[in-house]
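Summary of structural features
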Amino acid sequence: MNRAMRFRIEPNKAQRELLEKTFGSCRFLYNRMLSDKMLSELTGERIKTTPAVYKKEFPWLREVDSLALCNVQLDLERAFRDYRKVPRRGRPRYKTKHHSRRSYTTNVVNGNIRIEGKKIRLPKVGMVRIRVHRDIHDSWILKSVTVVKESTGKYYASLLYELPERENQAKGKSREAGEKKYLGIDYAMDGLAVMSDGTKADYPKYFRQAEDKLAREQRKLSHCEKGSRNYEKQKRKVAVIHEKVKNQRKDFLHKLSRCLADEYDIIGVEDIDMRAMSRSLHFGKSVADNGYGMFRTMLSYKLEETGGELVKVDRFFPSSKRCCLCGRIKEDLTLSDRIYRCGCGNCIDRDVNAAINIRLETMRLIAS
Ligand SMILES: [Zn+2]
């Protein structure tokens, strides 16, 4: 089992220059390999595309982390594999200077990468200041690091750890099957989620305020003349707020999913395709940002760590239309009905009713 941790890093000027060079070299190599691969497809001639070949032709490639270049090759091979599997996604494309992500991935070999105090040692780059704001267990094994420069100009390192097997078992919950704690969660359009115990989870107020501010500044940006000085200034402003909103959301979701994973053994959610949903219903930012999808992913691995399980309930399961008390199906329920009223006397918040049904279905799935 793996776990990724993302931390801010603060490279000095010389280090920033080298990072910039590494991003550029990776992009250059990717494009070169891609064009050679396409050429060999066209001509049928076999062209060897390994970093070593290109290093001979372009000696300056040796100045950057060689494992980063190896990962470029793996990246491209993966892109071609994906393309062959799902052709409609299009063939791998060239990376442009202005629109591609500035990042590279490097691997740990013989402890060449490690955190020492407030710094991280990166190959070629040396000791870089890092802000480690989350606990890293001594038993975790660092596998790889991805260095990213965001559009705000800030640098981050994503550290990928492998968690030892025995730790999972030790932390596993020791409740018997009969006394496991179950929770059902329903996705809520106007908030985040509703739980089967009746509680509603929503983002804190400061997050909603930041979101509104982001929308305002984005509107302003759309009125700026593209390419003008004001445009560039506003673009940067939007990027900064955007990043803040993203971090706040992630932080909140981490905390919420941690609480739930610690408290419950089995959690049921709907298996809905968030992307399709935002496209077809134009639900707006809450869905588009996919906070809920992120939340489900976090729940899934946190439950796995604690010995629990995340269960996905079939998307055609009538969680909203069914009465959670008598099981009757209300076919004429519409999206605007906020209260679920049933002939059996049940009168309950629509989303809570759905969450309870998801919990019941989860229990049934686990039992069968
Ligand atoms: Zn009923």
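Residues numbered from 1 in each chain as written. Predicted model: local features only at pLDDT ≥ 70, side-chain atom pairs only at ≥ 80, totals over all residues.

**As for the overall build of the protein**
Each helix and strand counted, the protein has 10 helices and 14 strands in total. Expressed along its principal axes, the backbone C-alpha trace of the protein runs to roughly 80 × 55 × 50 Å. Across the protein, every contact between residues at least 6 apart in sequence was considered, and the portion connecting residues at least 24 apart equals 65%. (Helix = DSSP H or I, 4+ residues; strand = E, 2+ residues; numbered from the N terminus. Contact = placed C-beta atoms within 7 Å.)

**Details of the sheet that holds strand β6 (residues 141-149)**
Taken in spatial order, the 7 strands make up an open sheet running β2-β6-β7-β1-β5-β4-β3, and their pairing is antiparallel. Strand pairing shows two members of the sheet lacking a second neighbour, β2 (102-107) and β3 (114-116), which therefore form its edges. If you compare each strand with its neighbour and ignore which way they point, the axes differ by 35° on average. Packed on one face of the sheet, helix α1 (residues 13-43) meets β2, β5 (126-131), β6 and β7 (155-162) and runs near 90° to β2. (Pairing = 2+ DSSP bridges. Axes fitted to C-alpha atoms, helices over the stretch in contact; angles between N-to-C directions.)

**Considering the environment of R249**
By the secondary structure assignment, R249 is in helix α6 (residues 229-263). Taking the number of C-beta atoms within 10 Å as the measure of exposure, R249 has 20 and is therefore buried. Considering only alpha carbons, one finds R249 and P204, 45 residues apart in sequence, at a separation of 9.3 Å. (Buried ≥ 20, exposed ≤ 12 C-beta atoms within 10 Å, placed from the backbone.)

**As for the environment of A188**
Mapped onto the elements of the fold, A188 is located in the loop between β8 (182-187) and β9 (193-195). Separated by 167 residues in the primary sequence, A188 and A355 have C-alpha atoms spaced 10.0 Å apart. Apart from the residues within four sequence positions on either side, A188 is in contact with A193, V194, K200 and D351.

**Side note on α6**
An ideal rise of 1.5 Å per residue puts 51 Å on 35 residues; α6 measures up with 52 Å between its terminal C-alpha atoms. Of the residues making up α6, those classed as buried are V238, V245, R249, L253, S257, L260 and A261. Looking at the packing, one finds that the buried side of α6 touches β8, α5 (205-223), β11 (266-270) and α9 (291-305). (Expected span 1.5 Å × (residues − 1).)

**Here's the deal with the domain arrangement of the protein**
For the protein, the assigned domains read domain 1 (2-162) and domain 2 (173-200 + 259-367). Computed over C-alpha atoms only, the centres of domain 1 and domain 2 are separated by 38 Å. (Domains from an automatic or database assignment.)

**Some words on the nonpolar core**
With 29 residues, the main nonpolar core has I185, A193, I267, L299 and A355 as its most contacted residues. Here A355 is in contact with G184, I185, D186, V194, M195 and S196, once residues within four sequence places are set aside. Judged by nonpolar contacts, the second largest core, of 26 residues, contains A68, Y104, L122 and L159. (Core = buried A, V, L, I, M, F, W, Y, C linked by C-beta atoms within 7 Å.)

**Comments concerning the sheet that holds strand β10 (residues 200-201)**
Strand order in this open sheet of 5 strands is β10-β9-β8-β11-β12, and the pairing throughout is mixed. Two strands in the sheet have a free side with no partner beyond their single neighbour: β10 and β12 (309-313). Note that β8 and β11 share 3 bridges and pair parallel. Residue pairing for β11: G184 is matched across the bridge by G268. Along the sheet, α9 contacts β8, β9, β11 and β12; its crossing angle with β12, the most-contacted strand, is approximately 135°. Sitting on the sheet, helix α10 (residues 350-367) is in contact with β8, β9, β11 and β12, with an inclination near 135° to β8.

**Some details on unusual backbone geometry**
Even without being glycine, N110 reaches a positive phi, approximately 50°. The topology assignment puts N110 in the loop between β2 and β3. With a phi angle near 70°, K124 is a residue other than glycine that sits in the positive phi range.

**Details of the packing of α5 against α6**
Contact geometry for α5 and α6: axes closest at 9 Å, N-to-C directions at 155°. Classified by the angle their axes make, α5 and α6 are roughly antiparallel. Crossing hand, α5 versus α6: left-handed. Of α6, the residues touching α5 (which contributes F207, A210, E211, K213, L214, E217, Q218, K220 and L221) are Q234, K235, K237, V238, I241, H242, K244, V245, Q248, R249 and F252. (Parallel < 35°, antiparallel > 145°, perpendicular 65-115°, else oblique. Left-handed = near helix turned anticlockwise from the far one by under 90°.)

**Thoughts on the pairing of strand β4 (residues 119-122)**
In regular strands, side chains alternate between the two faces of the sheet. Here β4 shows a clear split, with I120 and L122 buried on one side and none of K119 and R121 buried on the other. Counting the residues in the hairpin turn of β3 and β4 gives 2 residues, including G117, whose phi is positive at 65°. Here 4 bridges tie β4 to β5, and the two strands are oriented antiparallel to one another. By the bridge assignment, I120 is partnered in β5 with V128.

**A short note on the pairing of β8**
Summarising burial for β8: 5 of the 6 residues are buried, a large majority. Judged from the 3 bridges that link them, β8 and β9 form a sheet pairing that is antiparallel. Looking at β9, one finds that Y187 is bridged to A193.

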